[in-house]
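Observations on the model geometry
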Amino acid sequence: MNQTIRTIHAHHSVRSYTDAPVAEEMLEQVIEGGYRCPTSFNAQHVSVVVLRSPTTRARIAQLGGNQAWIARAPVFITMVADLNKTMAGVRAAGGQQVAHKSVELLVACSIDAGIALGNMMTAARSLGLGVVPIGGIRRNPQAMIELLKLPSLTFPLCGMCLGHIDEDGPRKPRLPMATFRHDEFYRPEAIEAAIEPYDRTLMEHWKAVDRADGSSWSENLAEHYTKNYFPNVKPVIEAQGFTHEM
C-alpha cells in the first residue's frame, strides 16, 4: 500500500481546528487538486469560492444549521455548479445554451463537483490538514447565493472546512464492504442483513467517544429521509435557471 492509498484509507471528518491560518501555498495546492480534475465534455462547470473572513464563515455556520466548526476552521471552500461559465463559452462560439434546462447537466455538475471535492480532501489530508464536507449550506441556498454574490445559472452544492487539526478522533465504523461493492449485479440482501449489526456497532462507537446524542444508522436515516429535509433547494435552483424542462 503506497502513501496515497494510506492517506485515502485513513480519511475521516475533522470538526476541531486550531486558530492557526492555512498558508497560502498549502491552500493553493489543495485547490489545484480540484482544479485539475476531469469534467464532463471538458466543460469545467465547477467553480470554488474560498472564504477566509471570520464574519462570512460565522454567517455560513448559522445558515448551515449552527455548525460551529464552519466558523472555527480558518478556511471554508464552497463548491459551485457553474453553468454561467459554460454559457459564456457557448456564446463565444455563437450558440445559445439550453442544456442547463436538463436534469442531466445538473447531475453532471454534481458529479464533477464531487470528484473535485474528493481530490481536494485527499490533497488536504496529505498536507496534514483536517477537512469536513458540509452539505448544510443547502438549508438556505438563497442566502448563500446572496452572500457569495453568485449569478444566475450557478448553485452552491456543498462546502468544505479546512484547517489545522486541534483534536482528532477515531473514524466512524462503516457498513460492511458487501453493502458497497456488488460484483456483476446488485445484491440487496447484503444490505438488509447488515443493518441490525451495524446499528449496534455504531452505537458502541458513540458510547466509546462519549457521544450521548449519537443515534443508530437506521434511526438517523429515518429522522432525515422520511421528509424533504432541505425543501428550499428545488425552488431556489429553479430560480437560478436550472429549470429541468428537458
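By the naming in an unreviewed UniProt entry, the protein chain goes by FMN reductase [NAD(P)H] and is assigned to Pollutimonas bauzanensis. Note on the protein chain: under the UniProt heading Sequence similarities (unreviewed entry), the record states "Belongs to the flavin oxidoreductase frp family."

Section: the side chain of Ser-216
As for its position among the elements, Ser-216 is in the loop between α8 (188-208) and α9 (217-225). Judged by relative accessible area, which is 6%, Ser-216 ranks as buried. From its side chain, Ser-216 meets the backbone nitrogen of Glu-219 in a polar contact 3.2 Å long. If sequence neighbours within four positions are ignored, Ser-216 has contacts with Asp-199, Leu-202 and Met-203.

Observations concerning the packing of helix α3 (residues 54-63) against helix α7 (residues 141-148)
Between α3 and α7, the least distance of the axes is 10 Å, while the angle of their chain directions is 170°. One finds that α3 runs roughly antiparallel with respect to α7. Contacts between α3 and α7 involve Thr-56, Arg-59, Ile-60 and Leu-63 on the former and, on the latter, Ala-143, Met-144 and Leu-147. Taken together, the residues of the contact of α3 with α7 break down into 5 nonpolar, 1 polar and 1 charged.

Describing the pattern of salt bridges
Taken as a whole and assessed by the stated rule, the structure comprises 6 salt bridges. Between Arg-211 and Asp-213 there is a salt bridge, with its nearest N and O atoms 2.6 Å apart. Note on Arg-211: relative accessible area 38%, which makes it partly exposed.

Some details on helix α6 (residues 103-126)
In a regular helix each residue adds 1.5 Å, so 24 residues correspond to 34 Å; α6 covers 35 Å between its end C-alpha atoms and thus fits that length. Immediately downstream of α6, the backbone of Gly-128 shows phi near 85°, a positive value.

What to know about the nonpolar core
One finds Phe-76, Ile-77, Met-79, Met-160, Cys-161 and Leu-162 to be the most contacted residues of the largest nonpolar core, which totals 52 residues. Looking at which element gives the most residues to this core, the answer is α6, with 10 residues. Beyond its immediate stretch of four places on either side in the chain, Met-79 contacts Val-46, Ser-47, Val-48, Ala-113, Ala-116, Leu-117, Met-120, Phe-155, Pro-156, Leu-157, Cys-158 and Gly-159.

A look at the environment of Ser-53
Within the fold, Ser-53 resides in the loop between β1 (46-51) and α3. In the structure, Ser-53 is positioned 22 residues away from Val-75 in sequence and 8.2 Å away in space, judged by C-alpha atoms.

Topic: the layout of surface pockets
Taken as a whole, the second largest pocket spans an internal volume of roughly 280 Å³. Along the walls of the second largest pocket sit 17 residues, with Gly-34, Tyr-35, Arg-36, Gln-44 and Val-46 positioned nearest its centre. At the level of elements, α2 (24-35), β1 and α6 are the ones that each hand at least two residues to the lining of the second largest pocket. For the lining of the second largest pocket, the class distribution of residues is 9 nonpolar, 5 polar and 3 charged.

Conventions used here
Counting restarts for each chain: residues are numbered from 1 in the order of the written sequence. This being a predicted model, a pLDDT of at least 70 is required before a residue's local features are given, and a value of 80 or more before pairs of side-chain atoms are given or counted; all residues contribute to the totals for chains, interfaces and linings. Working from all heavy atoms in the structure, the side-chain values ignore hydrogens and water. UniProt positions are given in the numbering used here, feature names are shortened, and annotations may be inferred rather than shown by experiment. The secondary structure listing takes helices from DSSP runs of H or I that are at least 4 residues long and strands from runs of E that are at least 2 residues long, numbered from the N terminus. Only protein chains enter the area calculation, which uses a 1.4 Å probe; residues under 20% of their type maximum are buried, those over 50% are exposed, and those in between are partly exposed. What qualifies as a polar contact is a pair of N or O atoms within 3.5 Å, subject to a donor-acceptor requirement within protein and to the restriction that residues adjacent in sequence count only when both atoms come from side chains. Any two residues whose heavy atoms approach within 4.5 Å at even a single point are treated as in contact. Axes here refer to lines fitted to C-alpha atoms; in helices the fit is confined to the stretch in contact. Angles between the N-to-C directions go from 0 to 180 degrees. Throughout, the term roughly parallel applies to angles under 35 degrees, roughly antiparallel to angles over 145, roughly perpendicular to angles from 65 to 115, and oblique to all others. Put simply, Ala, Val, Leu, Ile, Met, Phe, Trp, Tyr, Cys and Pro go in the nonpolar bin, Asp, Glu, Lys and Arg in the charged bin, and everything else, Gly too, in the polar bin. Just to be clear on terms, a salt bridge is a Lys or Arg side-chain nitrogen sitting within 4 Å of an Asp or Glu carboxyl oxygen. By definition here, a helix of n residues has an expected span of 1.5 Å times n minus one. Residue types Ala, Val, Leu, Ile, Met, Phe, Trp, Tyr and Cys, when buried and joined through side-chain atoms within 4.5 Å, form a set referred to as a nonpolar core. Points on a 1 Å grid, built from protein atoms alone, make a cavity when a 1.4 Å probe fits but cannot get out and make a pocket when they are open with protein on both sides within 12 Å along at least 5 of 7 lines; residues with an atom within 4 Å of a point are the lining residues. Grid points are joined across faces, edges and corners, and a volume is the space filled by probe spheres set on the points.

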